[in-house]
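Architecture at a glance
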Amino acid sequence: MIEVSSGDRRPGARGAGVFRGAHAIVIGASMAGLGAARVLSEHFARVTVVERDRLPGAPDARRGVPQGRHIHVLLGAGLDALGGWFPGILEEMAADGALLRDFGEQVAWYHCGAWKVQFASGIPLLLCSRAFLEHHVRQRVRSLPNVEIVDDATVSGLRVSADRARVTGVSIERSGGVHDELTAELVVDASGRGSRAPQWLEAAGYARPPESTVEIDIAYVSRVYRIPERYRRTPVFLIIYPRPPAQRRAGFLCSIEGDRWIVSLGGYFGEHPPLDDAGFVEFSRTIAHPELHELIKDAEPLTAPTVFRFLADRRRHFERLQRYLEGLVVLGDAACAFNPIYGQGMSVACLGAGVLDRCLRDQPSGDVRGLARRFQGELSSETDLPWRLATTEDLLFPEATGERPFWFGAMRWYNRKLAEVTAYDTAVYGRWLLVLHLMRKHTTCFAPRVVLAVLGHAARHALLASQDRAGAVAGPLRKSDPATRARLTSCFTRAAGEQRGHARRPRPRRPRPRGRIHA
């Protein structure tokens, strides 16, 4: 619904080149909304977050985050942003039960038919539940003196100026059917996949944004287990991806706060996990490797299986609109929703909030004219990499419907060979991780060192007898490379404080599987 108001509010005087507004509204208290509120608190005298759920006072899952009971990961770029906005929050969460580790060392990852080499990458990994993470971030946002969170309230529509050129606020419906109106210079839509921004634009006389979609029909089922006593001192993050097109089933197991495991099983195109106890455990036996099944078959479940279904990657191209409503910006899943299996959503939301911060810092005048269009354009550029990473992987399934560019076949071959190299080459894997964690551009994977390693691997692999090829990827190879860790990023050292001085026991060197290829 669109309501037209005749009032004309303008911000007061401010210093040149430093935007300062009176009031901004954020729709949604998701990670995208909380990040946006933190950024806006530096540019507006007052920020109001409107959330339709009644927010819990503890780290509990809530209805408005339907995937909240499943495994979540905040990539390196997201953790870096979070630590910058809220100094000390990572240590705070670690003290409260989260586990802070090195991604390259901690994650046991089976991908493209091979286990990735485990090594000290320098990229941080935070192991906790989504509800735990969101609770701590929400508490930090609540502590900001100029931010108010209004929960149990729904934004029913935008209010726009008489000439329908700009947003002037929102209409909200509070609990009990009480209607209210809030005025603001800027409205940030962080309401998620169910965003009504396209309808609101259309009702105000603007075009709906064009969309790009890749239909994948994935469903995943998750449940929480008590960690068996023998594993209590050994945090686990296990990822087992399918190898399309033959395999369609995936499995994930992650240690979280409270001596618990959260386990997510997923399947594409109808191969969805069952919801009964026995069926869930049996499904875990059918994924590409048996490790996850062996861990959970005798473990004690603490929750019933919970399902989440995701039909398609969906990207709304607000940046392509010829005319755009001033004062409305859209970010997070409301702008682009990714296949959750890749763990990109929260991190892209953090990057989007960072784009908003940069745009506001560059805003040349006291009003928001031109801000929305510039923001959506820069957000689109920021979204290109994660969108390409996710959809290129999803389009490996022949059943996936979506545009396959002319270079798709060559990219598919290169990505598969690159994934095989990451089974033993820490330098190549380190570069690849920086791209996956959205800390470097995609061209990092096409640096001369990487291309030569991939082509050399492909040439040698083509000469192997078929029986040796299987042995070349039979098991993971673990290495420790502190020099690589120091070179890649200082984020882990800064955020984790080198695990508070924790001394790591030396790992026994594993014998190399017969037939392994070395660059």
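Below: a short report on this structure. All of these numbers come straight from a predicted model, not from anything done at the bench. (Residues numbered from 1 in each chain as written. Predicted model: local features only at pLDDT ≥ 70, side-chain atom pairs only at ≥ 80, totals over all residues. Heavy atoms only, no water.)

**Considerations on the overall build of the protein chain**
What the protein chain contains, in helices and strands, is 16 helices and 20 strands. In the protein chain, which comprises 519 residues, the proportion classed as buried is 58%. Sequence separation of at least 24 residues holds for 74% of the intrachain contacts in the protein chain that already meet a minimum separation of 6. Summed over all atoms, the accessible surface of the protein chain reaches about 21800 Å², with 51% contributed by carbon and sulfur. (Helix = DSSP H or I, 4+ residues; strand = E, 2+ residues; numbered from the N terminus. Buried < 20%, exposed > 50% of the residue type's maximum accessible area, 1.4 Å probe, protein only. Contact = heavy atoms within 4.5 Å. Areas by Shrake-Rupley, 256 points an atom, 1.4 Å probe, with all protein chains shown as cover.)

**So, the packing of aromatic side chains**
If you walk through the whole model with that rule in mind, you get 16 aromatic pairs. Between phenylalanine 103 and tryptophan 109, the ring centres sit 6.4 Å apart and the planes meet at 80°, which makes this aromatic pair edge-to-face. Since its relative accessible area comes to 6%, tryptophan 109 is described here as buried. Through successive ring pairs, a cluster of aromatic residues spans Phe103, Trp109, Phe119, Tyr241, Phe252, Tyr342, Tyr429 and Trp432. The cationic tip of arginine 38 hangs over the ring face of phenylalanine 86; the distance from NZ or CZ to the ring centre is 6.0 Å. (Phe/Tyr/Trp six-rings, centres within 6.5 Å; stacked < 30°, edge-to-face > 60°. Lys NZ or Arg CZ within 6 Å of the ring centre and 35° of its normal.)

**Observations regarding the pattern of salt bridges**
One pass over the full model with this rule turns up 33 salt bridges. Close ionic contact of aspartate 53 with arginine 62 constitutes a salt bridge, the shortest N to O distance being 3.0 Å. The exposure class of aspartate 53 is buried, given its relative accessible area of 4%. Ionic pairing is found between glutamate 399 and arginine 248, a salt bridge with its closest N-O pair at 2.1 Å. Here the residue glutamate 399 occupies a position in the loop between α10 (371–394) and α11 (408–421), and arginine 248 occupies one in the loop between β14 (237–240) and β15 (249–256), the gap between them amounting to 151 residues. For glutamate 399, a relative accessible area of 31% corresponds to the partly exposed category. If you follow the salt bridges from partner to partner, you end up with Glu51, Asp53, Arg62, Arg63, Arg130, Glu134 and Arg138 in one network. (Salt bridge = Lys/Arg side-chain N within 4 Å of Asp/Glu carboxyl O.)

**A word on the sheet that holds strand β12 (residues 186–189)**
Ordered by their spatial adjacency, five strands build an open sheet running β8-β3-β2-β12-β19, and the pairing between neighbours is parallel. The sheet is open, and its two edges are formed by β8 (147–150) and β19 (328–330), each paired on a single side. The sheet shows a mean angle of 20° between the axes of neighbouring strands, taken without regard to direction. Two elements, strand β3 (residues 44–50) and β8, share four bridges in a ladder whose sense is parallel. Residue valine 50 lies in a different strand from β8, and its bridge partner there is valine 150. Running over the sheet, helix α1 (residues 31–40) touches β2 (21–27), β3, β8 and β12 and is turned about 175° from β2. (Pairing = 2+ DSSP bridges. Axes fitted to C-alpha atoms, helices over the stretch in contact; angles between N-to-C directions.)

**Re unusual backbone geometry**
For the bond running from proline 244 to proline 245, omega is 5°, close enough to zero to count as cis. The topology assignment puts proline 245 in the loop between β14 and β15. Residue cysteine 112 is not a glycine yet carries a positive backbone phi of 55°. Turning to its location among the elements, cysteine 112 is positioned in the loop between β5 (107–111) and β6 (114–115). Exposure remark for cysteine 112: the relative accessible area of 10% places this residue in the buried category.

**Describing the pairing of β5**
Burial of β5 is extensive: five of the five residues sit out of reach of the surface. Burial of β5 is two-sided: the residues Val107, Trp109 and His111 facing one way and the residues Ala108 and Tyr110 facing the other way are all buried. By the bridge criterion, four bridges tie β5 to β14 in an arrangement that is parallel. Within β14, the residue paired with alanine 108 across the bridge is leucine 238. By the bridge criterion, two bridges tie β5 to β6 in an arrangement that is antiparallel. Of the residues in β6, the one forming a bridge with tyrosine 110 is tryptophan 115. Taken together, β5 and the strand that follows it, β6, pair antiparallel across an intervening segment of two residues, in which cysteine 112 is found at a positive phi of about 55°.

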